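# Structural overview for review
Letter by letter, the chains look like this.
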Amino acid sequence: MAIANLESGLGAATMESWGGKVAAFGSNQTVVDKVSPDMMHLIDPHWYQFPPMNPLWHGLLGFTIGVLGFISITGNGMVVYIFTTTKSLKTPSNLLVVNLAFSDFLMMLCMAPPMVINCYYETWVFGPLACELYAGAGSLYGCVSIWTMTMIAFDRYNVIVKGIAAKPMTINGALLRILGIWLFSLAWTLAPLFGWNRYVPEGNMTACGTDYLNKSWLSRSYILIYSIFVYYMPLLLIIYSYFFIVQAVAAHERAMREQAKKMNVASLRSSEAANTSAECKLAKVALMTISLWFMAWTPYLVINYAGVFENASISPLATIWGSVFAKANAVYNPIVYGISHPKYRAALYQKFPSLACQPSPEESGSVASGATTACEEKPSA
């Protein structure tokens, strides 16, 4: 009888637990209910109007971030390792590529594991300090990535547009640029820790970011000024660089065709033309990477602006997809470089033969093989 009562008690408790989860979606429970007491001062009243999210969303988010984290950490780790251990890839320009991969590596190393754990518990479980550090890390690595891409665009502009007249970037010059990028990004990251805006949990309560719901104009000003210096300014500078790069490439190709026509030959492909073609290939890779960056971070910017200007209701589900898109950016770069850099693929095959990423003979011995070492070749021209 006692066992029967115990079993019926357990069954009732289980049914009550499941019933509670189901009923939550039609009751007065909110997405904030599972937040620990020490985090409550960081929660904006806006989130109290939303019911708890379906646990399936948390499971899907945790699985997605876990997979993206594994791919990013592995891929970017390979990029850093191969570019720093392969002699032919040790050029000033490629230091910027290494910095980009290193930033993306740290992004997912810091972002993915905590989010997977939080998705399991369906709320932030690491406390207020960890929330601030988590959000600060995301801001830092995102800022480093976009400004590194901007410097890559400037380098391509310098080599392609200015040509032989360009002053080649040196190792010290590249290191100085990288140091400047990190210091600039760190300044924007530390500002919320000293009272200009703040870092708070996102609507899904499993990640943290900037407080875009605060009605204070001091807080709003951070979002607006930050977006100018870390989104619009890099975007305009990159557009400027690539506008003149495309112009220069088009003019060069046109001149080559006219010269070939005058000489009554099919084409002209001197060593100088080969170098220019290699530069163009690397420029395309950089342009693709930058395009993916803006595709990834634009949804997050839209969410921030919606909070600042109060022109749309932000739901916890929307913040999930904003986080996923932003963090997925760290996955793209190693894939882009693996596909588009023949010398990188050759080195990858040499160090990891099982990956079978060896370039074709035409690529390894052709113009394209100079794509990642164009700056090394250019000064000697």
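Computed from a prediction, not measured in an experiment: that's the story for all the values here.

### Points about the overall build of the chain
Within the chain, the secondary structure is distributed over eleven helices and two strands. Secondary structure elements in the chain, listed N-terminal to C-terminal, are α-α-α-α-α-β-β-α-α-α-α-α-α. Burial status across the chain gives 48% buried among its 381 residues. Contacts in the chain between residues at least 24 apart in sequence constitute 77% of all its contacts with a sequence separation of at least 6.

### Quick look at the environment of K343
Note that K343 resides in helix α9 (residues 342–351). Sequence separation between K343 and F83 is 260 residues; the distance between their C-alpha atoms is 9.9 Å.

### Thoughts on the state of the cysteines
Taken as a whole and judged by the stated rule, the model has one disulfide. Between the sulfur atoms of C131 and its disulfide mate C208 the distance is 2.0 Å. Measuring handedness by torsion sign, the sulfur bridge of C131 and C208 sits at about -115° and is left-handed. With a gap of 77 residues between them, C131 in helix α4 (residues 128–160) and C208 in strand β2 (residues 208–210) connect regions that are remote in the sequence. The residues C131 and C208 share a single accessibility class, namely buried.

### Observations concerning helix α2 (residues 55–85)
With 31 residues, α2 should cover 45 Å at 1.5 Å per step; its first-to-last C-alpha distance of 45 Å lies within 8% of that length. The N-cap residue of α2 is N54: its side-chain oxygen and the backbone nitrogen of L56 are 2.9 Å apart.

### Some words on unusual backbone geometry
Residues other than glycine seldom take positive phi values, yet E122 does so here, at roughly 65°. In this structure, E122 sits in the loop between α3 (92–121) and α4.

The rules behind the values
Residues numbered from 1 in each chain as written. Predicted model: local features only at pLDDT ≥ 70, side-chain atom pairs only at ≥ 80, totals over all residues. Heavy atoms only, no water. Helix = DSSP H or I, 4+ residues; strand = E, 2+ residues; numbered from the N terminus. Buried < 20%, exposed > 50% of the residue type's maximum accessible area, 1.4 Å probe, protein only. Contact = heavy atoms within 4.5 Å. Disulfide = S-S within 2.5 Å. Expected span 1.5 Å × (residues − 1). Polar contact = N/O pair within 3.5 Å; in protein donor to acceptor, adjacent residues only side chain to side chain.

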